[in-house]
Amino acid sequence: MPKRERAALDSLATVVTEELNVKAIEYVKSAGELVTYTIRPNYRTLGPKFGKNMPAVAAAVAALPPDETGDRVGGGRSVVVAVSGYDYEFVPEDFVVESHEREGFRVEREGSLAVAISTRLSPGCYRKGWLGNWYTTCRTLGKQPTFR
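Now for a quick tour of the structure. Just so it is clear, the structure is predicted and the values come from calculations on it, not from any experiment.

**Regarding the packing of helix α3 (residues 43-50) against helix α4 (residues 54-62)**
The packing of two helices is summarised by the inter-axis angle and the distance between the axes.
Now for step 1: The interhelical angle for the contact between α3 and α4, taken along N-to-C directions, is 130°, at an axis separation of 9 Å. Here α3 is positioned oblique relative to α4, judged by the angle of their axes. As for how α3 packs across α4, the hand of that crossing is right-handed. Facing α3, whose interface residues are Tyr43, Leu46, Gly47 and Phe50, α4 presents Met54, Val57 and Ala58.
Now for step 2: Its residues placed into classes, the contact of α3 with α4 shows six nonpolar, one polar and no charged.

**Looking at a nonpolar patch on the surface**
Now for step 1: Where nonpolar side chains cluster on the molecular surface, the patch consists of Leu12, Val16, Leu20, Ile25 and Ile117 and spans about 380 Å² of accessible area.
Now for step 2: Mapped onto the elements of the fold, Ile25 is located in the loop between α2 (13-20) and β1 (35-41).

**Things to note about helix α5 (residues 66-74)**
An α-helix turns once per 3.6 residues; consequently, residues spaced three or four apart project the same way.
Now for step 1: Residues of α5 that are buried: Thr69, Gly70, Asp71 and Val73.
Now for step 2: Along its buried surface, α5 packs onto β1, β2 (79-83), β4 (95-101) and β5 (105-110).

**Let's talk about the pairing of β2**
Now for step 1: Residues of β2 alternate between two faces, with Val79, Val81 and Val83 buried on one and Val80 and Ala82 left unburied on the opposite face.
Now for step 2: Direction of pairing for β2 relative to strand β3 (residues 86-90): antiparallel, over a ladder of five bridges. In the strand pairing of β3, Ala82 is matched with Asp87.
Now for step 3: Remark: two residues form the turn of the hairpin made by β2 and β3, two consecutive strands paired antiparallel; Ser84 in that turn has positive phi of roughly 50°.

**Overview of the packing of aromatic side chains**
Now for step 1: Taken as a whole, this structure holds three aromatic pairs when the rule is applied.
Now for step 2: Plain terms: the ring middles of Phe50 and Phe90 are 5.9 Å apart, the flat faces sit at 55° to each other, and that makes the pair tilted. Of the two residues, Phe50 is situated in helix α3 and Phe90 in strand β3; the sequence distance between them amounts to 40 residues.
Now for step 3: The exposure class of Phe90 is buried, given its relative accessible area of 2%.
Now for step 4: Judged by centre distance (5.8 Å) and plane angle (45°), the ring pair of Phe90 and Phe95 falls under tilted.

**A look at the nonpolar core**
Now for step 1: Val57, Val61, Val81, Phe90 and Phe95 are the most contacted members of the largest nonpolar core, which totals 19 residues.
Now for step 2: Taken together, the elements giving at least two residues each to this core come down to β1, α3, α4 and β2.
Now for step 3: By residue number, the principal contributor to this core is α4, which donates four residues.
Now for step 4: Excluding residues within four positions of it along the chain, Phe95 makes contact with Ile39, Arg40, Asn42, Val61, Leu64, Val73, Val79, Val81 and Phe90.

**Comments concerning the pattern of salt bridges**
Now for step 1: Counted by the stated rule, this structure contains five salt bridges.
Now for step 2: The closest approach of N and O atoms between Glu98 and Arg40, which form a salt bridge, is 2.9 Å. On the criterion of sequence distance, the pair formed by Glu98 in strand β4 and Arg40 in strand β1 is long-range, its members being 58 residues apart.
Now for step 3: The class for Glu98 is partly exposed, based on a relative accessible area of 33%.
Now for step 4: Of the charged contacts in the structure, one is a salt bridge between Asp94 and Lys49, with a shortest N-O distance of 3.6 Å. Residue Asp94 is found in the loop between β3 and β4, and its partner Lys49 is found in helix α3; the two are separated by 45 residues along the sequence.
Now for step 5: Here Asp94 falls in the buried class, since its relative accessible area comes to 2%.

Calculation criteria
Residues numbered from 1 in each chain as written. Predicted model: local features only at pLDDT ≥ 70, side-chain atom pairs only at ≥ 80, totals over all residues. Heavy atoms only, no water. Axes fitted to C-alpha atoms, helices over the stretch in contact; angles between N-to-C directions. Helix = DSSP H or I, 4+ residues; strand = E, 2+ residues; numbered from the N terminus. Parallel < 35°, antiparallel > 145°, perpendicular 65-115°, else oblique. Left-handed = near helix turned anticlockwise from the far one by under 90°. Contact = heavy atoms within 4.5 Å. Nonpolar A, V, L, I, M, F, W, Y, C, P; charged D, E, K, R; others polar. Patch = residues over 30% accessible without salt bridge, like charges linked within 9 Å, V, L, I, M, F, W, Y side chains within 5 Å. Areas by Shrake-Rupley, 256 points an atom, 1.4 Å probe, with all protein chains shown as cover. Salt bridge = Lys/Arg side-chain N within 4 Å of Asp/Glu carboxyl O. Buried < 20%, exposed > 50% of the residue type's maximum accessible area, 1.4 Å probe, protein only. Pairing = 2+ DSSP bridges. Phe/Tyr/Trp six-rings, centres within 6.5 Å; stacked < 30°, edge-to-face > 60°. Core = buried A, V, L, I, M, F, W, Y, C linked by side-chain atoms within 4.5 Å.

What follows is the structure in structure tokens.
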């Protein structure tokens with residue numbers, strides 16, 4: 001993350017932690033730490049370009065590292081793919097990318113930024129007067145609360 005963006009985010013840290021009722025903000029190196037990706041070729045854009053060579057393209061896309069490729073495509077950057085001994089530059093529209101949140105997180109992404117909030121509640125939440133919020137969160141997640 002560029003220093004300028006990081007400084008802007010750091011300047012809002014106090015407001016964000018108070019508004020979201022979170023203890024701290026942690027930065028990760030890539031969105032791949034928060035989500036897992038499934039990458040497939042977009043046959044609508046690549047089919048006309050590669051025609052009968054699409055099986056080779058599909059195999060080359062399947063061999064790409066999903067986390068790195070998902071981060072690049074999600075950030076709007078191109079990806080170089082080797083197909084039958086030639087390198088081709090694929091734009092983000094040439095891929096179908098599905099992201100799946102890792103267990104315990106809710107993730108939103110826009111461009112190169114991804115924001116996640118942990119859905120795990122610390123035991124101290126409901127002991128310190130947050131029982132109403134804890135109950136609502138548990139009910140939303142389809143779990144029945146247990147009171148201690």
